[in-house]
Amino acid sequence: MSDKKTASENINTDAFVGATMGAQKSQTGKKEKNVLGSSQTDPNKILPITYKWAREYYKQGVSNNWSPEEVSMQRDIELWKSKDGLTEDERRMVLWNLGFFSTAESLTANNIVLTIYKHVTNPECRQYLLRQAFEEAIHTDTFIYCCDSLSLNPDEIYNMYLTIPSIEDKDRFVVNITQSLMDPNFRITDEKSIQKFVNDLVGYYIVMEGIFFYAGFAMMLSMLRNNKMVGVGEQFQYILRDESVHLAFGVDLINTIKEENPGIWTPEFQKELTETIQKAVEFEKKYAEDSIPRGILGLRPDVVSQYVEHIADRRLESIGLKPQYNAKNPFPWMSEVIDLSKEKNFFESRVTEYQQGGSLGW
Ligand code: FE
Ligand code: MN
């Protein structure tokens, strides 16, 4: 998906200056389209495109369009209300995941709108961020829809990030990683501040969307595979499809900033990021143990933990860090879910319609 060539063709010889002094350089018509460092408020010239990958992710997001109301919840409602359709442990797992995701989605939306958009000044990247923000709104809406359909108590679900320690730990971890960017005085002025920004991007994209969502995805999609809570399961499938594009964009964004500012990628910084990811893995394992303490549907907490380790290695590699776990993938079907869902079922006809609409001649 990523157009590495386009990204690398635009590496500056004095990339560091290019990233930090883009606003001044742009007066000469040069270097105004780096990822970082242009004016935060000037009108943006999106053409010609510098980063083709950002444009591609935008188009992919549009062709993946969906909304939660299109998925029927009838079978879920019947199963949820039936006395013995689900075990207590299955209910706990569903509630834990609805609890985590219901607030995690808006936390992600806040991060994009309040911090990433401000500092990533490249127009085609910003165009994608707007699309991503919309998708996070769709995801937030999905959990409203699930709560309403199942008649769950919103005070219980939307407070789980405060009342369930393993959920609170994950949210606090992401908030802490990314807190200094919320400082209105934060500016990208030197390598230290670029490192801080990349550290936060790793928090948003690699940790939150790339690790903290994945034990939940594996658990909820196991339910779907066992033909239970199929409506919620299908919603999670569409969210997973969107999240895999968000993550891919985040990886290209981080790698492009690295390429344009090679000075930031010191051994100390790499060690720091690797340790952050390792800590996140521990929180995610604790979350899995807490969600399915006795195991359900052939899922055991230790196997979900192995999956989290496998995923974390892929995330580390994606941004040029060394894998730490060498764990085999216990759920090869998960990657099939991600790939297959692109061509899946009744949404396909709508996607095709959009694409035909887009190619109509005038
Ligand atoms: Fe999301
Ligand atoms: Mn997302």
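Residues numbered from 1 in each chain as written. Chains lettered and ligands numbered in written order. Predicted model: local features only at pLDDT ≥ 70, side-chain atom pairs only at ≥ 80, totals over all residues. Heavy atoms only, no water.

Draft legend 1. Region of interest: the confidence of the model for the protein. Of the residues in the protein, 84% reach a pLDDT of 70 or more, and the chain-wide mean stands at 85. Between residues 341-362, whose pLDDT stays under 50, and residues either more than four places distant or in other chains, the model counts 22 contacts. (pLDDT = per-residue confidence, 0-100. Contact = heavy atoms within 4.5 Å.)

Draft legend 2. The arrangement of the coordination of the iron ion (ligand 1) in detail. On the protein side, the iron ion (ligand 1) has E105 (OE), E136 (OE), H139 (ND1) and E243 (OE) as donor atoms, found 1.9 to 2.2 Å from it. Taken together, the 4 donor atoms surrounding the iron ion (ligand 1) define angles of 86 to 135° at the centre, an arrangement classified as tetrahedral. For the iron ion (ligand 1), the single-chain donor residues occur in sequence as E-x30-E-x2-H-x103-E. Between the iron ion (ligand 1) and the manganese ion (ligand 2), a separation of 3.2 Å is found, and both are coordinated by E136. In this pair, E105 is assigned in helix α6 (residues 88-119) and E136 in helix α7 (residues 123-149), connecting sequence segments 31 residues apart. (Donors = N, O, S within 2.8 Å, 3.2 Å for Na, K, Ca; no water. Tetrahedral: all angles 85-135°; square planar, octahedral: opposite > 155°, others 65-115°. Helix = DSSP H or I, 4+ residues; strand = E, 2+ residues; numbered from the N terminus.)

Draft legend 3. Region of interest: the packing of aromatic side chains. Counted according to the given criterion, the structure contains 24 aromatic pairs. Taking 6.3 Å as the distance between ring centres and 80° as the angle between the ring planes, the aromatic pair formed by F217 and F236 counts as edge-to-face. One end of the pair, F217, is in helix α12 (residues 214-225); the other, F236, is in helix α13 (residues 230-260), with 19 residues separating them in the sequence. Here W265 and F269 contribute two aromatic rings whose centre-to-centre distance is 5.9 Å and whose plane-to-plane angle is 85°, an arrangement assigned as edge-to-face. (Phe/Tyr/Trp six-rings, centres within 6.5 Å; stacked < 30°, edge-to-face > 60°.)

Draft legend 4. Inspection of the coordination of the manganese ion (ligand 2) at higher detail. Surrounding the manganese ion (ligand 2) are the protein donor atoms E136 (OE), E209 (OE), E243 (OE), E243 (OE) and H246 (ND1), which sit 1.8 to 2.7 Å from the metal. On the primary sequence, the residues serving as donors to the manganese ion (ligand 2) are separated as E-x72-E-x33-E-x2-H. You can call E209 buried: its relative accessible area is 1%. Judged by relative accessible area, H246 falls into the buried class, the value being 0%. (Buried < 20%, exposed > 50% of the residue type's maximum accessible area, 1.4 Å probe, protein only.)

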